[in-house]
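Here is how the chains run, residue by residue.
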Amino acid sequence: MSVKLANIMSRIREDVGDPSGVHPLWTDTVILKWIVRANRHFSQVTGCIDANEDLALVAGTNQYTFGGEAIMNTPDAAWIVVSGTYNDPLEYRDPWSTPNWGQLGRPRYWGIETMQGTKYFIVAPIPDGGYTARVHGVRVSNDQGTDGNRVTDLPEPVAYEARHLVKCRLYQMTGDVQRARMCRDEYWGSVRRGRQAYRI
């Protein structure tokens with residue numbers, strides 16, 4: 001079951017004792033903005049959103065940039081297509097140090113290299129023809145805007161967990177330091193549980 005941002009907002013309003021939305025500072029726009037930010041942070045620190053990205057490997061080229069919606073923060077596996085199925089795993093290691101570095105052939109190794117702030121997917125040997133590589137990792141939540149009808153892309157089991165960070169921000173707005181600290185602690189407790197669940 002998908003979870004709408006508006007449902008998360010309603011849960012937050014109940015938590016903070018403002019179910020009717022009458023608090024002058026806690027407008028829908030403000031709360032939805034913080035939900036989006038909290039979801040992005042929660043997904044980033046827990047790795048709770050799986051992502052796969054297919055890269056077209058070209059003959060003679062050994063490094064490729066990531067693109068599209070799947071922002072690969074921590075790639076952890078890669079495969080080459082065999083007969084239409086991604087079932088030929090590449091071995092993770094520093095491609096620059098492989099025995100066949102600089103040679104042409106079927107890719108066997110992969111690694112990540114960051115150059116001038118850009119992450120590259122590196123393979124070795126250098127492809128001797130066209131291949132497709134599927135890279136698996138995690139991405140950051142793509143929730144955006146202030147549309148309450150938008151469905152969050154956080155997995156349903158954790159869709160409400162980031163709300164504790166939102167409550168922290170709301171209480172900070174009113175100067176309620178004690179409640180803000182309690183919600184901050186609740187949030188980081190959710191993060192720890194999320195990291196364990198998703199093995200980050």
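That block above? That's the structure.
Everything in this summary refers to the structure shown in the same document. (Residues numbered from 1 in each chain as written. Predicted model: local features only at pLDDT ≥ 70, side-chain atom pairs only at ≥ 80, totals over all residues. Heavy atoms only, no water.)

Moving on to the pairing of strand E8 (residues 118–124). Counting buried positions along E8 yields 5 of 7 residues, so the element is predominantly enclosed. The pairing of strand E2 (residues 63–65) with E8 spans 3 bridges and is antiparallel. Looking across to E8, one finds that Thr65 is bridged to Tyr120. Note: strand E7 (residues 109–115) against E8, 7 bridges, orientation antiparallel. Bridging across to E8, Ile112 finds its partner in Phe121. The antiparallel pairing of E7 with E8 creates a hairpin that spans 2 residues between the two strands, and Gln116 there sits at a positive phi of about 50 degrees. (Buried < 20%, exposed > 50% of the residue type's maximum accessible area, 1.4 Å probe, protein only. Helix = DSSP H or I, 4+ residues; strand = E, 2+ residues; numbered from the N terminus. Pairing = 2+ DSSP bridges.)

Between two aromatic rings, the relevant description is the distance of the centres plus the angle of the planes. Under the criterion given, the structure shown has 5 aromatic pairs. Lying across the ring of Trp34, Arg37 places its NZ or CZ 5.0 Å from the centre. Its end group placed over the ring of Tyr109, Arg93 keeps NZ or CZ at 5.0 Å from the ring centre. (Phe/Tyr/Trp six-rings, centres within 6.5 Å; stacked < 30°, edge-to-face > 60°. Lys NZ or Arg CZ within 6 Å of the ring centre and 35° of its normal.)

Here the focus is the sheet that holds E7. With mixed pairing, 4 strands are arranged side by side in an open sheet as E2-E8-E7-E5. Each edge of the sheet is formed by a strand with only one pairing partner; in this case those strands are E2 and strand E5 (91–92). Pairing of E5 with E7 involves 2 bridges; the strand directions are parallel. Following the sheet pairing, Glu91 is matched in E7 by Tyr109.

Okay, the pattern of salt bridges next. Counting across every chain of the model gives 12 salt bridges. Note that Asp15 is salt-bridged to Arg163, the shortest N-O span being 2.6 Å. Placement of the pair is Asp15 in helix H1 (residues 5–15) and Arg163 in helix H3 (residues 163–173), with a sequence separation of 148 residues. Its relative accessible area of 9% is what places Arg163 among the buried residues. Here Lys167 makes a salt bridge to Glu186, at a shortest N to O gap of 3.9 Å. Here Lys167 is found in helix H3, whereas its partner Glu186 is found in helix H4 (residues 177–198), with 19 residues between them in sequence. (Salt bridge = Lys/Arg side-chain N within 4 Å of Asp/Glu carboxyl O.)

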